[in-house]
Protein chains: 2
Amino acid sequence: MAGPKGNAVIGQSGGPTAVINRSFIGAITEARKHGEILEFYGARHGINGMLNNEYVPLFEQPNFVLQQISCTTAAALGSIRHKPSSDECNRIFENFKKMNVRYFFYIGGNDSAETAYIINSFAAHEKYDLRVVHIPKTIDNDLLITDHCPGYGSAAKYVACAFMGDNEDNRALKGVKINVVMGRNAGFLTAASILGRQYPKDGPHLVHMPESPFDIDLFLKSVDKTFKDHGRALIAVSEGINKQGIYNLKTGEKPEYISTWLNSFVNLNLPKKYMPKGENKAVEVDSHGNVSLSGSGMMGDILAYIVKSTLNIKRVRSDTLGYPQRSFPLAISEVDAREAFKVGVDAVIAAIGDHFDEGSVAIKRVDQDGIYKIETFISPLQSIQKNTRSFPKDWITEDGKIDERKFREYVSPLVGELPMAGRFVKAIF
Amino acid sequence: MAGPKGNAVIGQSGGPTAVINRSFIGAITEARKHGEILEFYGARHGINGMLNNEYVPLFEQPNFVLQQISCTTAAALGSIRHKPSSDECNRIFENFKKMNVRYFFYIGGNDSAETAYIINSFAAHEKYDLRVVHIPKTIDNDLLITDHCPGYGSAAKYVACAFMGDNEDNRALKGVKINVVMGRNAGFLTAASILGRQYPKDGPHLVHMPESPFDIDLFLKSVDKTFKDHGRALIAVSEGINKQGIYNLKTGEKPEYISTWLNSFVNLNLPKKYMPKGENKAVEVDSHGNVSLSGSGMMGDILAYIVKSTLNIKRVRSDTLGYPQRSFPLAISEVDAREAFKVGVDAVIAAIGDHFDEGSVAIKRVDQDGIYKIETFISPLQSIQKNTRSFPKDWITEDGKIDERKFREYVSPLVGELPMAGRFVKAIF
């Protein structure tokens, strides 16, 4: 049976990416071609808009607006991180019924897939005919089933270029440079730093992903060795490096993050007026009355400090690559943009199709004669909502390094062409 | 008298930029066309290479290598921050004489101009015929005389795009976001953040440059107001914000940097083995035995913390934009690249010319019928070596904001075209 005639709601959820709007506009563009979807509503800030009836009428948007939005980074509808309670599902479905919503698309990572799963289960329980499709996006590339996630290729391109530029910078003014890369529990984005290497002695010379245990003393030893070998060291460190390594976690065990550990040594003794007052829940104060600076922003600085103080190296710097990784408008990978658009299109095709199964659009590679090619398919929401995947274990060599050949084969088509650095010939040095 | 026949040395100095290699290759390209310069030597790491006789033979480089290097960010010859002593000048000139060096080009900011000035004075004192030309580059845009500096346009493009992306990100997930921008004593690069604004409510909503005094309590008040008005706040803060404001400094007075002030509240009580040992000069320990984390990396985090704790806002983040500002290979402004090449070319033309005066290549605007156009001229080294310039006072309005019309008129041609963000029409919210 073809999809019912009715209205559709689409929302965006989780951290923005450079191409999440491509998927969004892909879905609208496809829906316009068919009669099943009568009006397409964009929920402002995902679940929040669905709770408060804040929608953008999407079919009324002029083409040039859709075109511009598809090329704009981050989530044009607004995003959110929130899992709906059953009470909230009740309110959402009251609205859905009034609005005759028969299609629901949710763009996001595995948490968003969980939201889609909850909405889908609620509809089934209510016997309300609703076709739910999750559209994948993450910069972390940590969704199960799919070969890769839209959003990752562009973030990887940013990281590759940041390291490429920083490698040149570090060659020009030698020292130790530590860059902290996003991806709390998966090393795919940190691994992309190796695309910055174009010549034998290029950095990053050390790459630390959350999958493998991080030992500060071993780290210092390898920084020391690298600095002695190259006169410099460019280092990629995931924000999620931890003591055990994700590979070694037992079921239910939480990673002990290095950022948390390092932050625990920081005391911020600000003048009293700048310290949190009694009822302030925005900041955390531990049982000792110490404040903790959240996040991984400080990790790079403290690691740099430890390198300086223990290895006696003068020029040690760190950067936390930060939000430009997910929203810089000049590092969009063309392949990533195209595929992001396609998963939006294919979500609508699946939703209005004759044989509908709820699910998430997943990508598989179907390379032909060595030429990169993909197809999509629908994987049940259940299959991707709870867990995430790690960097494949068999892409790590015995000495704990990234298998560069395997990883480049995987990642290069997603990132596309990169700038090429020049090197002198016949240099007298 | 036309320039003597002899060899030339060129060096790069100070912090890298995205286009410093264009100037470098511009100089080689032009020199190849003329007979005066017999061989062109590239000094490795500036003064250092000149002291240790580490040179790259530049005329022997294949064209494709020069082409690639011109498009590579950061300093291909290697850079340095060092002012030669008179003893070092003696050693340099011993080498110069042996090598028959008659032309010396030094690419850098005002410190590099000072080095060129020292070399030039030494040559004059020794009555050694040497033609010295300084080729300008900075991302800070703080050189005197010249209308603007090569390197600035690309850095400004990076900053504009980072804010543009971050503005979208901050609209999607609302909160307070503080970005720390390079430029310790001049606000030009921080000011470029306003190019991220494309629509009336876009950020950055607050911009703090080193020229104006930074008062943390007034800052918190304006963050509070902005957050109440917009439900979010995107903030640009120069790494060099200080208590007095550069405009108000008396002669010889040093700015009291906010980063130093905030870092003074941080105690890092690391396990003893990670603390500096007796003879370690890489890190500073104050008279109280406290360690100080150098640089401005922590400033954003601490400011974010203070916003959280005093204004009780949950989602407060900060990024320090870091080295990608000066070396990201995908944010090169075409105009900047072209002009960087031109100042390299014009340095050689000046050096081999009939009427030679030592100096630095400076840019002036000679717009015709409203079309952006520049010419270069030579300004004496003396005129730019000691001091730097600030953001023009008459580009600041009475309420302390950047005069957006004046500044955009100045900066837009240097940055070139920027991506354009899309916005919905007929939004129900």
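Predicted model only: the values in this text are computed from it and were never measured.

### Regarding the overall build of chain A
Helix and strand content of chain A: 14 helices and 14 strands. With respect to the principal axes defined by its C-alpha atoms, chain A has extents near 70 × 65 × 40 Å. Burial status across chain A gives 62% buried among its 429 residues. Taking as baseline every contact in chain A between residues at least 6 positions apart, the subset at least 24 positions apart corresponds to 77%. Put simply, chain A shows about 16500 Å² of open surface, and 51% of that area lies on carbon and sulfur atoms.

### Some details on the relation of the copies chain A and chain B
Rotating chain A by 180° and moving it 0.0 Å along the rotation axis overlays it on chain B with an RMSD of 0.0 Å. What the superposition gives is, in effect, a two-fold axis relating one chain to the other. Identified as the residue of chain A closest to the rotation axis by C-alpha distance is Asn267 of chain A, at 2.5 Å.

### Quick notes on the sheet that holds strand E6 (residues 176-181) of chain A
Residue and element names in this part refer to chain A. Here we have four strands laid out as an open sheet, ordered E7-E8-E6-E12, and parallel in their pairing. For this open sheet the edge positions go to strand E7 (206-208) and strand E12 (316-320), each flanked by a neighbour on one side alone. Taking the axes of each pair of neighbouring strands and ignoring which way they run, one obtains an average angle of 15° across the sheet. Direction of pairing for E6 relative to E12: parallel, over a ladder of five bridges. Residue Ile178 lies in a different strand from E12, and its bridge partner there is Ser318.

### Remarks on the pairing of E6 of chain A
Residues and elements named next belong to chain A. Of all six residues in E6, six are buried; the element is thus mostly enclosed. Along E6, one buried face is formed by Val176, Ile178 and Val180 and the opposite face, lined by Lys177, Asn179 and Val181, is buried too. As paired elements, E6 and strand E8 (residues 233-238) share six bridges and run parallel to each other. The residue of E8 that forms the bridge with Lys177 is Leu234.

### Brief notes about the interface of chain A and chain B
Opposite the 102 residues of chain A that make contact, chain B presents 102 residues. A buried area of about 8300 Å², summed over both sides, lies between chain A and chain B, and 61% of it is on carbon and sulfur atoms. Three residues, Tyr274, Tyr305 and Phe424 of chain A, lead the burial of chain A against chain B; their summed loss comes to 10% of the area buried on that side. Across the chain A-chain B interface, the total number found is four salt bridges. Ionic pairing is found between Asp217 of chain A and Lys273 of chain B, a salt bridge with its closest N-O pair at 3.0 Å. Where chain A meets chain B, there are 24 residue pairs in polar contact (both at pLDDT 80 or more). The element that contributes the greatest number of residues to the side of chain A that touches chain B is helix H6 (residues 152-172) of chain A, accounting for ten residues. Sheet topology note: the strand E9 (residues 266-268) of chain A/strand E9 (residues 266-268) of chain B ladder contains three bridges and is antiparallel. Paired with Asn267 of chain A across the bridge in E9 of chain B is Asn267 of chain B.

### Thoughts on the packing of aromatic side chains
Residue and element names in this part refer to chain A. For the structure on display, the rule yields 45 aromatic pairs over all chains. Ring geometry for Phe96 versus Phe104: centroids 6.0 Å apart, planes at 55°, classification tilted. Comparing Phe96 with Phe104, the two get one shared label, buried. Look at Trp395 and Phe407: their rings are 6.2 Å apart centre to centre, the planes differ by 55°, and that puts the pair in the tilted class. A residue pair is termed long-range when its members are at least 10 positions apart, and Trp395 in the loop between helix H13 (381-385) and helix H14 (404-415) and Phe407 in helix H14 qualify at twelve residues. Considered together, Trp395 and Phe407 belong to a single accessibility category, that of buried residues. Members of the aromatic cluster, joined through ring pairs, are Phe93, Phe96, Phe104, Tyr106, Phe122 and Tyr128. Arg326 extends its terminal NZ or CZ atom over the ring of Tyr323, reaching a point 4.1 Å from the ring centre.

### Topic: the domain arrangement of chain A
All names here are of chain A. The domain architecture assigned to chain A consists of domain 1 (6-150 + 330-385) and domain 2 (158-325 + 392-414). Placing a centre on the C-alpha atoms of domain 1 and another on those of domain 2 gives a separation of 32 Å. Contact residues are listed per partner, giving twelve residues for domain 1 and ten residues for domain 2. Summing both sides of the interface, domain 1 and domain 2 together bury roughly 950 Å²; the carbon and sulfur share of this comes to 59%. Its largest share of buried area at the contact with domain 2, domain 1 owes to Ile139, Asp140 and Arg365, together 46% of the area lost on that side. The tally of links from domain 1 across to domain 2 stands at zero salt bridges.

### Quick notes on the pattern of salt bridges
Any two side chains of opposite charge can pair, so long as their charged atoms come close to each other. Applying the stated rule across the entire model yields 36 salt bridges over all chains. The partner of Lys177 of chain B in a salt bridge is Asp166 of chain B, and the shortest N-O contact between them spans 2.5 Å. Here the residue Lys177 of chain B occupies a position in strand E6 (residues 176-181), and Asp166 of chain B occupies one in helix H6 (residues 152-172), the gap between them amounting to eleven residues. Taking the relative accessible area as the measure of exposure, Lys177 of chain B reaches 2% and is therefore buried. Three or more residues joined by partner-sharing salt bridges are found here, namely Glu168, Arg171, Asp202 and Arg423 of chain A.

### A short note on the packing of helix H4 (residues 86-98) of chain B against helix H5 (residues 110-125) of chain B
All names here are of chain B. Where H4 contacts H5, the two axes come as close as 11 Å, and the packing angle between them is 70°. On the basis of their axis angle, the class for H4 and H5 is roughly perpendicular. As for how H4 packs across H5, the hand of that crossing is right-handed. Of the residues in H5, those touching H4 at Ser86, Cys89, Asn90, Ile92 and Phe93 are Ile118, Ile119, Phe122 and Ala123. Taken together, the residues of the contact of H4 with H5 break down into seven nonpolar, two polar and no charged.

### Examining the nonpolar core
Ranked by size, the top nonpolar core spans 70 residues in total, and within it Tyr152 and Phe407 of chain A together with Tyr152 and Phe407 of chain B carry the most contacts. Elements that contribute at least two residues to this core include exactly H6, helix H7 (188-191), E8 and H14 of chain A together with H6, helix H7 (188-191), strand E8 (233-238) and helix H14 (404-415) of chain B. Excluding residues that lie within four positions of it along the chain, Tyr152 of chain A makes contacts with Thr138, Ile139, Asn141, Phe188, Leu189, Ala192, Asp336, Phe407, Tyr410, Val411 and Leu414 of chain A. Judged by nonpolar contacts, the second largest core, of 63 residues, contains Ile258 and Ala304 of chain A together with Ala233 and Met298 of chain B.

### Concerning the side chain of Thr115 of chain A
Looking at the secondary structure, you find Thr115 of chain A in helix H5 (residues 110-125). Residue classification places Thr115 of chain A among the buried residues on the basis of a relative accessible area of 1%.

### A few points about the sheet that holds strand E5 (residues 131-136) of chain A
Residue and element names in this part refer to chain A. Sheet architecture is open: seven strands sit in the order E3-E2-E1-E4-E5-E13-E14, paired in mixed fashion. Two strands in the sheet have a free side with no partner beyond their single neighbour: strand E3 (55-57) and strand E14 (374-379). The sheet shows a mean angle of 30° between the axes of neighbouring strands, taken without regard to direction. The pairing of strand E1 (residues 6-12) with strand E4 (residues 101-108) spans six bridges and is classified as parallel. Bridge pairing in E4 places Ile10 opposite Phe105.

Definitions and limits used
- Residues numbered from 1 in each chain as written.
- Chains lettered and ligands numbered in written order.
- Predicted model: local features only at pLDDT ≥ 70, side-chain atom pairs only at ≥ 80, totals over all residues.
- Heavy atoms only, no water.
- Helix = DSSP H or I, 4+ residues; strand = E, 2+ residues; numbered from the N terminus.
- Buried < 20%, exposed > 50% of the residue type's maximum accessible area, 1.4 Å probe, protein only.
- Contact = heavy atoms within 4.5 Å.
- Areas by Shrake-Rupley, 256 points an atom, 1.4 Å probe, with all protein chains shown as cover.
- Least-squares fit on C-alpha atoms with pLDDT ≥ 70 in both.
- Pairing = 2+ DSSP bridges.
- Axes fitted to C-alpha atoms, helices over the stretch in contact; angles between N-to-C directions.
- Buried area = accessible area lost by both parts, 1.4 Å probe.
- Salt bridge = Lys/Arg side-chain N within 4 Å of Asp/Glu carboxyl O.
- Polar contact = N/O pair within 3.5 Å; in protein donor to acceptor, adjacent residues only side chain to side chain.
- Phe/Tyr/Trp six-rings, centres within 6.5 Å; stacked < 30°, edge-to-face > 60°.
- Lys NZ or Arg CZ within 6 Å of the ring centre and 35° of its normal.
- Domains from an automatic or database assignment.
- Parallel < 35°, antiparallel > 145°, perpendicular 65-115°, else oblique.
- Left-handed = near helix turned anticlockwise from the far one by under 90°.
- Nonpolar A, V, L, I, M, F, W, Y, C, P; charged D, E, K, R; others polar.
- Core = buried A, V, L, I, M, F, W, Y, C linked by side-chain atoms within 4.5 Å.

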